[in-house]
Every structure is written in structure tokens, then in C-alpha cells.
Amino acid sequence: MSSRTSPISQPITIRRAVARDAKRLTRLVRGSGAYEGKYASAVAGFRVGPDYIEAHRTFVAVRADEPGGRVLGFYSLVLAPPELDLLFVADDAQGRGIGRLLVAHMQSEARAAGLDRVKVVSHLPAEDFYHRVGAVRSGTALANPPAVMWDRPEFEFRIPSE
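Not measured: the values here are computed from a predicted model.

Draft legend 1. Representation of the overall build of the protein chain within the structure. Counting secondary structure elements, the protein chain contains 4 helices and 7 strands. Element order for the protein chain, N to C, with α for helix and β for strand: β-α-α-β-β-β-α-β-α-β-β. Its C-alpha atoms put the protein chain at 40 × 40 × 40 Å along the principal axes. Among the 162 residues that make up the protein chain, the fraction classed as buried is 39%. Look at the contacts in the protein chain between residues 6 or more apart in sequence, and 62% of them connect residues 24 or more apart. Between the centroid of the 22 positive side chains of the protein chain and the centroid of its 18 negative side chains there is a distance of 3 Å.

What follows is the structure, encoded as C-alpha cells:
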């Protein structure tokens, strides 16, 4: 089985991001294989700063057996209006269920915040992922040149109350 499809073999911890994670999160975004070629302009110069981490509910997935270890993925939940603003999994950690863990955690955070829906504007290569984790297509975000030159699918997570 390739590493791309191997299930998680180590325990994963999801913790709140802190300011010192900012550079690692920025590197993860800018180095994402999903943003190569024609998509590179969307993340060129993109920065996840300490101020962003402070302002939003940003969480990172790390191996539980590596204190301060490598960030395998992260997400950011904006409460008003409710949106999954960022969700990235390191290229070499994809296909192992980390994205699914992050989505489940986000849904738990959204529920705790009293949200009943969370919007996400998907990157085109991530569209199938959002379908697989239960998001429902809700529309299209139109291109916004020069930052984003293509239309993107919009999804919605419905957050049931417990």
C-alpha cells in the first residue's frame, strides 16, 4: 500500500495553533502540491501570520508521539460569518484520514460555538474531498482576478445539534 493511501498509523493530536506555528502553516500552504502550475498564483505571497491565528479558531494536527513535531495539517474556522477558511494537509500525509479528522474536529468546534452551518469555498482539486466528508454543494464563488482566476465550488457543512 502506498503512503498516499495508508491509514493513520501513529496517534494524531489536534491542538489549537499558536503564534510560533505561523511559519510552518505558511510553508504548508505555499508548498501544497494542489497549488502548483496554474493554481500557484492563489498562494503566491500567502501568509498565515500570528495575527490570523489569534483572530480565528485555527487548529493543527500533529503526531501525538512527537512533542512539537511536524504539522501534518491544519484548519481555520471563522465564526462570523461561519466559514471553513483554510484546510490543508501536508502532501505526504494525504490519504491517511487526517483531513477527515480535521473536518470532524471543525464540526465539533462549530457545534460548540452554536453554529448550524459552515460554508467552504473549495479549491477545485479538493472538490471530491469535500463531497466525501459530507459537505453539500451550495453554489459557485466566481473568479476574483488577479488573486483567483477561476470559479470555485462552494459547499456547506450542516452542523446538527447534539
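Draft legend 2. The arrangement of the layout of surface pockets in detail. Put simply, the largest pocket is a space of about 1100 Å³. What lines the largest pocket is a set of 39 residues, and nearest its centre among them are Y35, L87, H123, A126 and Y130. Residue assignment for the lining of the largest pocket shows that the elements contributing at least two residues are β4 (83–89), α3 (98–112), β5 (117–121) and α4 (127–132). A per-element tally of the lining of the largest pocket places β4 first, with 7 residues. Across the lining of the largest pocket, the residue classes break down as 23 nonpolar, 8 polar and 8 charged. Size it by volume and the second largest pocket reaches roughly 170 Å³. Lining the second largest pocket we find R24, R27, L28, G31, S32, R70, V71, A90 and D91. The element best represented in the lining of the second largest pocket is helix α1 (residues 22–30), accounting for 3 residues. Of the residues belonging to the lining of the second largest pocket, the class tally is 3 nonpolar, 2 polar and 4 charged.

Draft legend 3. Representation of the environment of Q94 in the model. Among the secondary structure elements, Q94 is positioned in the loop between β4 and α3. Its relative accessible area of 23% is what places Q94 among the partly exposed residues. Residues Q94 and L72, 22 residues apart in the sequence, show an inter-C-alpha distance of 8.8 Å.

Draft legend 4. Looking closely at α1. Taken together, the buried positions of α1 are occupied by A22, L25, T26, L28 and V29. An end-on view of α1 places all buried positions within 160° of arc, on one side of the element. Turned more than 90 degrees from where α1 packs its buried face, K23 and R27 sit exposed. Where α1 is buried, its residues touch α2 (50–55), β2 (57–63), β3 (71–78) and β4.

Draft legend 5. Here's a closer look at the packing of aromatic side chains. Taken as a whole and assessed by the stated rule, the structure comprises 7 aromatic pairs. Ring centres of Y35 and F88 lie 5.8 Å apart, and the angle between their planes is 35°; on these two criteria the pair is classed as tilted. A residue pair is termed long-range when its members are at least 10 positions apart, and Y35 in the loop between α1 and α2 and F88 in strand β4 qualify at 53 residues. Its relative accessible area of 15% is what places Y35 among the buried residues.

Rules used in this analysis
Residues numbered from 1 in each chain as written. Predicted model: local features only at pLDDT ≥ 70, side-chain atom pairs only at ≥ 80, totals over all residues. Heavy atoms only, no water. Helix = DSSP H or I, 4+ residues; strand = E, 2+ residues; numbered from the N terminus. Buried < 20%, exposed > 50% of the residue type's maximum accessible area, 1.4 Å probe, protein only. Contact = heavy atoms within 4.5 Å. Lys, Arg positive; Asp, Glu negative; His and termini not counted. Charge placed at Lys NZ, Arg CZ, Asp CG, Glu CD. 1 Å grid on protein atoms, 1.4 Å probe; cavity = no way out; pocket = protein on both sides within 12 Å on 5 of 7 lines; lining within 4 Å. Points joined across faces, edges and corners; volume = space filled by probe spheres on them. Nonpolar A, V, L, I, M, F, W, Y, C, P; charged D, E, K, R; others polar. Arc of directions from axis to C-beta. Phe/Tyr/Trp six-rings, centres within 6.5 Å; stacked < 30°, edge-to-face > 60°.

Keep in mind these values describe shape, not function.
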